[in-house]
Amino acid sequence: SSKAEYELVNIDEDGTDHQKPPKKKLSEPLSLSIESIFSLSSELFRLGLILFLIYTCEKNPLYPHEEKIHDMDTFWCMVIVLAVSCLFNIKKGKTTEILNREQTEEWKGWMQ
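The rules we used
Position numbers for residues start from 1 in each chain and track the written sequence from start to end. Since the coordinates come from a predicted model, pLDDT governs what is reported: local features require at least 70, and pairs of side-chain atoms require 80 or more to be given and counted, while whole-chain, interface and lining totals use all residues. Side-chain measures here rest on the full set of heavy atoms in the structure, leaving out hydrogens and waters. Secondary structure is summarised from DSSP: a helix means a run of H or I of at least four residues, a strand means a run of E of at least two, and numbering begins at the N terminus for each. Only protein chains enter the accessibility calculation, which uses a 1.4 Å probe; a residue whose area is less than 20% of its type maximum is buried, one above 50% is exposed, and one in between is partly exposed. Reported accessibility uses the Shrake-Rupley method at a 1.4 Å probe radius. Residues are deemed covered only where the shown protein chains occlude them. Salt bridges are counted wherever a side-chain nitrogen of Lys or Arg sits within 4 Å of a carboxyl oxygen of Asp or Glu. The residues that make up patches have over 30% relative accessible area and no salt bridge, and they are joined within 9 Å when like-charged or within 5 Å when they are Val, Leu, Ile, Met, Phe, Trp or Tyr. By this rule, a helix spans an expected 1.5 Å times one less than how many residues it contains. Note on ring pairs: Phe, Tyr and Trp rings are taken, using the six-membered ring of Trp, and paired if centres are within 6.5 Å. Classes follow the plane angle, with under 30 degrees stacked, over 60 edge-to-face and the rest tilted.

**A look at the overall build of the protein chain**
Thinking step 1. For the protein chain, the count of helices and strands is three helices and two strands.
Thinking step 2. Ordered by position from the N terminus, the helices and strands of the protein chain form the series β-β-α-α-α.
Thinking step 3. Going through the 112 residues of the protein chain one by one, you find that 2% of them count as buried.
Thinking step 4. Just so you have it, the protein chain exposes about 12,200 Å², and 63% of that area is on carbon and sulfur atoms.

If you want it as structure tokens, here you go:
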């Protein structure tokens, strides 16, 4: 049973209080105490359960795997469509640097 530890509230001169977040309890190295051994065994059990679930799902899928069908005509048609689409969407940048500000700002917008 872990308990959250809170520190005292600091009140400034203007009357506002600033409460610090609770401190995290860091894990301790393995010792021969019952609590430490129980914690280790429960984490190892959890890991074993996850690995068993992964093995079971990989070897016994709910839906059988289908044979892959390769069609080179469709592949090259899609590559050409993508290349033409890229050619029509090329924009001139303000600078010729590889990672210019305009490019990185666009990436930042995509990542948000």
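**Re the pattern of salt bridges**
Thinking step 1. In this structure the tally under the stated criterion is three salt bridges.
Thinking step 2. The residue Glu 43 makes a salt bridge to Arg 46 at a minimum N-O spacing of 3.8 Å. Remark: Arg 46 and Glu 43 occur in helix H1 (residues 34–59); sequence separation between them is three residues, near one turn of the helix.
Thinking step 3. On the basis of relative accessible area, Glu 43 is assigned to the partly exposed category, the value being 41%.
Thinking step 4. On the basis of relative accessible area, Arg 46 is assigned to the exposed category, the value being 51%.
Thinking step 5. Note that Glu 105 is salt-bridged to Arg 101, the shortest N-O span being 3.6 Å.

**Considering a nonpolar patch on the surface**
Thinking step 1. There is a patch of nonpolar side chains on the surface, built from Leu 30, Leu 32, Ile 37, Leu 40, Leu 44, Leu 47, Ile 50, Leu 51 and Ile 54 and spanning about 920 Å² of accessible area.
Thinking step 2. With respect to the secondary-structure elements, Leu 51 resides in helix H1.

**With respect to H1**
Thinking step 1. The end-to-end C-alpha distance of H1 is 37 Å, a good match for the 38 Å that 26 residues give at a rise of 1.5 Å each.
Thinking step 2. Along H1, only one of the 26 residues are buried, which leaves the element largely exposed.

**What to know about the packing of aromatic side chains**
Thinking step 1. For the coordinates displayed, the defined rule picks out one aromatic pair.
Thinking step 2. For the pair Phe 75 and Trp 76, a centre-to-centre distance of 5.0 Å together with 70 degrees between the ring planes defines the contact as edge-to-face.

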